[in-house]
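# Examination of the molecular architecture
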Amino acid sequence: MKVAIGCDHIVTGIKNHIGEYLKAKGFEVVDCGTYDYERTHYPIYGKRVAEQVVTGQCDLGVVLCGTGVGITNAVQKVKGARCALVGDVSAAVHAKEQLNCNVLGVGGRVSGIGMIEDILDAYFNAEYVPTPEKEATIAKIDALIQRDDYIGDDHFFDEFLEKWDRGEYHD
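Keep in mind that this is a model prediction, so the values were computed, not measured.

Let us now look at the overall build of the protein chain. Scanning the protein chain from terminus to terminus reveals seven helices and five strands. What you see in the protein chain, going N to C, is helices and strands ordered as β-α-β-α-β-α-β-α-β-α-α-α. Within the span of the protein chain, comprising 171 residues, buried residues form 43% of the whole. A sequence separation of at least 24 residues applies to 65% of the contacts in the protein chain between residues at least 6 apart. Accessible area of the protein chain: about 9300 Å², with a carbon and sulfur share of 53%.

Written out as structure tokens, the structure is:
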């Protein structure tokens, strides 16, 4: 499996460690930068990783910045990228199994190396098994990314609100 990785200057050392960790596990790693600790802008590297994935040059991607928030948001702006910011193993598994996320975001300064390794192991070992319900949900998420004119005014949640009103959701 081919994995694109990218980060900002704050977590370059962690990204380098993760790259070596994935290589040791048998992954082919494409390092999209940054490569040093000179101040830079994370959207550049989030975009590079996302483009590697959505064009099929890589199977999946991993992005890191200090909290993971910024770079993950940058990835989400690339059409076809589905990125989840996760901080634990359970969220990583959910991201893959339920949402078929193709890029995983992690906060390099808020998650330790051991936790990041566990998150990656869980994510790469999880499998997405499509169901009609999952596919419908993902199609709606992808449709939001695909629309240049989306501003939130098109009754996107009507179906879910109707289910709520019918009592179909339970705690």
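The rest of the description comes next.
Turning to the pairing of strand β1 (residues 2-7), a few remarks are in order. Burial within β1 is extensive, with five of its six residues counted as buried. Of the pairings in the sheet, the one linking β1 to strand β2 (residues 28-31) comprises four bridges and is parallel in character. Each residue of the ladder has a partner; that of Lys-2, found in β2, is Glu-28. Chirality of the crossover, the property in question, places the unit of β1, helix α1 (residues 12-24) and β2 among those that are right-handed. Note: β1 against strand β3 (residues 60-65), five bridges, orientation parallel. Counted as the bridge partner of Gly-6 is Val-63 from β3.

A separate point is the pairing of β3. Within β3, six of the six residues are buried, which leaves the element mostly enclosed by the surrounding structure. Burial of β3 is two-sided: the residues Leu-60, Val-62 and Leu-64 facing one way and the residues Gly-61, Val-63 and Cys-65 facing the other way are all buried. Both β3 and strand β5 (residues 103-107) contribute to a ladder of five bridges, which runs parallel. When the sheet's bridge partners are listed, Val-63 is paired in β5 with Gly-105.

Enumeration over the complete set of coordinates arrives at seven salt bridges. Notably, a salt bridge pairs Lys-15 with Asp-31, separated by 2.7 Å at the nearest N-O pair. Residue Lys-15 is found in helix α1, and its partner Asp-31 is found in strand β2; the two are separated by 16 residues along the sequence. Asp-142 is paired through a salt bridge with Arg-82; the nearest N and O atoms lie 3.1 Å apart. Residue Asp-142 is found in helix α6 (residues 132-146), and its partner Arg-82 is found in the loop between α3 (69-76) and β4 (83-85); the two are separated by 60 residues along the sequence. Residues Asp-142 and Arg-82 agree in their burial class; the two are buried.

Thresholds applied
Residues numbered from 1 in each chain as written. Predicted model: local features only at pLDDT ≥ 70, side-chain atom pairs only at ≥ 80, totals over all residues. Heavy atoms only, no water. Helix = DSSP H or I, 4+ residues; strand = E, 2+ residues; numbered from the N terminus. Buried < 20%, exposed > 50% of the residue type's maximum accessible area, 1.4 Å probe, protein only. Contact = heavy atoms within 4.5 Å. Areas by Shrake-Rupley, 256 points an atom, 1.4 Å probe, with all protein chains shown as cover. Pairing = 2+ DSSP bridges. Right-handed = clockwise from strand over helix to strand, strands pointing away. Salt bridge = Lys/Arg side-chain N within 4 Å of Asp/Glu carboxyl O.

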